Amino acid sequence: MVVIADQRRTDKNLFNIYDLKNKLIAYSFPIGKVTNVLCEWGNVIILTDDHKVVCLGEKDMESKLEMLFRKSLYTVAINLVQSQHDAAATAEVLRKYGDHLYGKQDYDEAMAQYIRTIGQLEPSYVIQKFLDAQRIHNLTNYLEKLHEKGLATPDHTTLLINCFTKLKAVAKLDDFIKGEQGGEGELCFDVETAVKVCRAAGYHQHAMYVAKKAGEHEWYLKILLEDLGGYDEALQYISSLPLYEAAVRLKQYGKILVCHKPPETIDVLLGICVGDSTGSNDRSDNGLPTILPSPVDFVHIFVDQPKWLMFFLEQYINKVKDSLAHTEIHNTLLELYLSEDLCAPGFSENLDKKEEEKHGSLNRVKSLIVKPSSKNEASNIDYSLHRKFSKNKSDISVVDSLKESKEEKNERLAKGLSLLKSAWPSHEQQPRYDEDLAVVLCEMLGFRDGLLFLYEKMKLYKELMACYMQDKDYRGLISCCKRLADPSRGGDSSLWADVLQYFGEKGEDCSQEVKEVLVYVEKDNLLPPLIVLQTLAKNPNLTLSVVKDYVARQFQQMSQLIEEDQKTIDKYQKETITMRKEVHDLRTNARIFQLSKCSACTSSLDLPAVHFLCMHSFHQRCLGDNEKECPVCMPNNRTLLDMKRNLEQSSNDHDTFFQLLRNSDDGFSVIAEYFGRGILNKRQ
């Protein structure tokens with residue numbers, strides 16, 4: 001505070017209060033001669049010589065600021081409020097100062113003040129003022145500072161990158177993208193927002209840099225494949241990823257890669273599925289080996305590329321012999337091998353349409369050229385058609401080149417048969433594929449060789465022969481029976497009977513085949529001659545000469561059997577007569593025992609002696625306690641008695657009788673045997 005003389009008025013003085021910090025006169029007023037100045041109770045008290053007392057008090061901050069605002073002393077107001085160390089109040093003064101400058105169209109200086117309010121003032125207040133395209137430089141500056149202080153939101157990031165792209169400030173965009181890193185190299189903005197905005201603006205390299213830096217593999221590959229078409233780079237990038245992540249990305253983008261780079265994509269897939277990829281990490285976070293993905297997980301990416309799917313699975317099974325998913329893999333391969341056509345879905349329809357258009361156009365040409373109305377019209381028609389066919393010529397040639405040739409299809413079927421055999425070795429009971437599915441596929445395609453193999457392995461001999469019969473393959477049918485109907489190899493000899501019945505009902509001349517079949521029927525005595533003749537009689541094209549030799553041999557054989565049976569009958573009749581005569585003699589005539597030696601000890605026979613009707617004599621002491629049976633004849637007699645007892649018991653076992661009767665080829669012999677056992681004898 002200073003009291004100085006007023007040079008304009010000699011009788012007056014000036015009382016000035018100076019603000020040394022801000023270098024200004026805070027207050028000044030004229031006053032008379034001052035006798036004393038006091039500072040007490042926060043006030044300044046001035047005593048004058050005319051006995052007056054002037055009391056000066058300091059105004060509050062709000063009043064000071066309002067006065068400064070009215071006088072446009074914003075710099076003073078800023079310095080004043082900063083001395084109070086109130087950040088919110090300082091920001092408010094800076095905002096008003098910025099608004100003041102903005103109103104005067106001093107946008108650069110106004111933005112400088114707004115930048116000083118970052119952290120206190122809502123950014124949208126400033127952004128809304130500078131959205132005009134003419135002030136985009138100022139807005140860019142503000143947004144950069146906002147990001148530097150880490151207070152930006154995804155919307156701010158979007159707006160800043162849009163500003164860079166509108167200004168074509170590539171250098172600034174580079175600095176922002178590649179220089180905005182916090183601790184440990186982390187990006188200081190919203191990654192997804194930055195990637196989307198850069199991609200939408202056409203700055204793909206910047207978007208890819210951000211995605212790669214942030215580990216957003218999905219965004220990186222999406223830009224690389226969908227926008228840039230960098231298929232080789234995408235495959236290289238996927239190969240460098242950890243095993244699990246590489247598998248996920250291949251499932252996601254594999255379809256695009258297979259369409260454009262099938263061999264290279266298959267190499268990467270094999271590296272992941274087999275585990276020999278040099279770039280992928282094949283260990284988990286805990287150091288344990290990770291489970292390799294299955295090729296079945298990637299089948300969907302080959303939805304329009306069946307030939308490449310077939311190639312991929314072939315390569316896999318050549319490298320991996322024991323896969324956990326071998327059944328699914330072999331099933332898929334079989335479906336590819338045994339499909340009607342390996343063209344992509346919808347391809348055949350487009351092909352038919354193109355051919356239809358081609359033929360339709362040719363027909364229209366013929367109809368027009370037959371009777372052209374004038375020479376000029378005919379030439380115009382010729383010229384237009386020439387242009388049309390030349391335009392479609394390349395399309396038709398491409399379509400024709402994609403069609404599968406007959407040789408390729410035959411090669412594919414050969415691979416299918418080879419897979420059926422190799423995946424079902426002879427030492428294994430079950431195949432490495434679903435046999436029911438394989439049968440259905442072969443049936444749908446009409447793949448005869450596959451069906452024959454499967455039916456034979458599954459022991460479905462009836463169905464196997466039905467295939468030969470359906471194709472009228474007589475030689476194959478007989479050859480099959482020779483292989484499968486041999487009882488010495490565990491075959492079913494009854495197959496010859498089915499073959500004979502087939503030829504009997506065929507209605508065609510198959511004399512040579514019937515003769516060959518009859519040889520095996522006769523060899524194993526599979527059918528009675530009468531049944532054979534009745535079966536073959538149904539075929540009107542078979543003559544008697546076919547069965548002449550067979551019937552003659554059967555008659556000769558039957559005659560021999562009859563003779564042997566007659567000899568056996570005569571023998572049994574003579575023995576029966578002899579036995580009956582002997583029984584009669586035993587019952588009616590006396591027996592004279594003339595043995596002089598004991599049959600047991602061969603000593604001279606003396607009394608007491610025991611004589612048996614079988615003409616054996618013994619000392620009584622040699623017999624011991626058993627005097628009722630001849631020791632010499634007793635074993636044979638007991639054997640006969642046991643046989644008789646067993647026959648009587650088995651004759652009452654009706655369940656066994658009917659079971660033998662059902663399972664026997666010759667029921668008459670079973671009944672005859674039970675007749676001998678006395679099953680029909682009257683019970684005593």
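Keep in mind that this is a model prediction, so the values were computed, not measured.

### Examining helix α21 (residues 448-457)
Looking only at α21, the buried set comprises Gly450, Leu451, Leu452, Phe453, Leu454 and Tyr455. Residues of α21 that are buried in the fold lie against α19 (406-422), α20 (435-445) and α22 (461-471). Directly beyond the C-terminal end of α21, a positive phi value near 60 degrees is found at Lys459.

### Describing the environment of Ser650
Along the polypeptide, Ser650 turns up in helix α29 (residues 634-651). Note: C-alpha distance between Ser650 and Tyr674 (24 residues apart in sequence) is 8.7 Å.

### With respect to the UniProt feature "domain: RING-type" (unreviewed entry) in the protein
Cross-referencing UniProt, the feature "domain: RING-type" (unreviewed entry) maps to residues 598-633 in the present numbering. Note that residues 598-633 is 11% helix and 17% strand, and that its end C-alpha atoms are spaced 15 Å apart.

### Some points on the pattern of salt bridges
Tallied over the entire structure, the rule returns 13 salt bridges. For the salt bridge of Asp232 with Lys261, the shortest nitrogen-to-oxygen distance reads 3.7 Å. With Asp232 in helix α12 (residues 231-240) and Lys261 in the loop between α13 (243-260) and α14 (262-274), this pair connects stretches of sequence that are 29 residues apart. Asp232 sits in the partly exposed class, given a relative accessible area of 44%. Of the charged contacts in the structure, one is a salt bridge between Lys482 and Glu516, with a shortest N-O distance of 2.7 Å. Note that Lys482 is positioned in helix α23 (residues 474-484) and Glu516 in helix α25 (residues 511-523), a separation of 34 residues in sequence. You can call Lys482 partly exposed: its relative accessible area is 37%. Shared partners join several salt bridges into a network, and the residues in it are Arg475, Lys482 and Glu516.

### Focus: the nonpolar core
Counting residues in hydrophobic clusters, the biggest one holds 105 residues, and the most contacted among them are Phe312, Tyr433, Leu454, Leu500, Phe503 and Val514. In this view, Leu454 contacts Leu420, Trp424, Tyr433, Ala438, Val439 and Cys442; residues no more than four positions away in its chain are not counted.

About the cut-offs
Residues numbered from 1 in each chain as written. Predicted model: local features only at pLDDT ≥ 70, side-chain atom pairs only at ≥ 80, totals over all residues. Heavy atoms only, no water. Buried < 20%, exposed > 50% of the residue type's maximum accessible area, 1.4 Å probe, protein only. Helix = DSSP H or I, 4+ residues; strand = E, 2+ residues; numbered from the N terminus. Contact = heavy atoms within 4.5 Å. UniProt positions renumbered as here; feature names shortened; annotations may be inferred. Salt bridge = Lys/Arg side-chain N within 4 Å of Asp/Glu carboxyl O. Core = buried A, V, L, I, M, F, W, Y, C linked by side-chain atoms within 4.5 Å.

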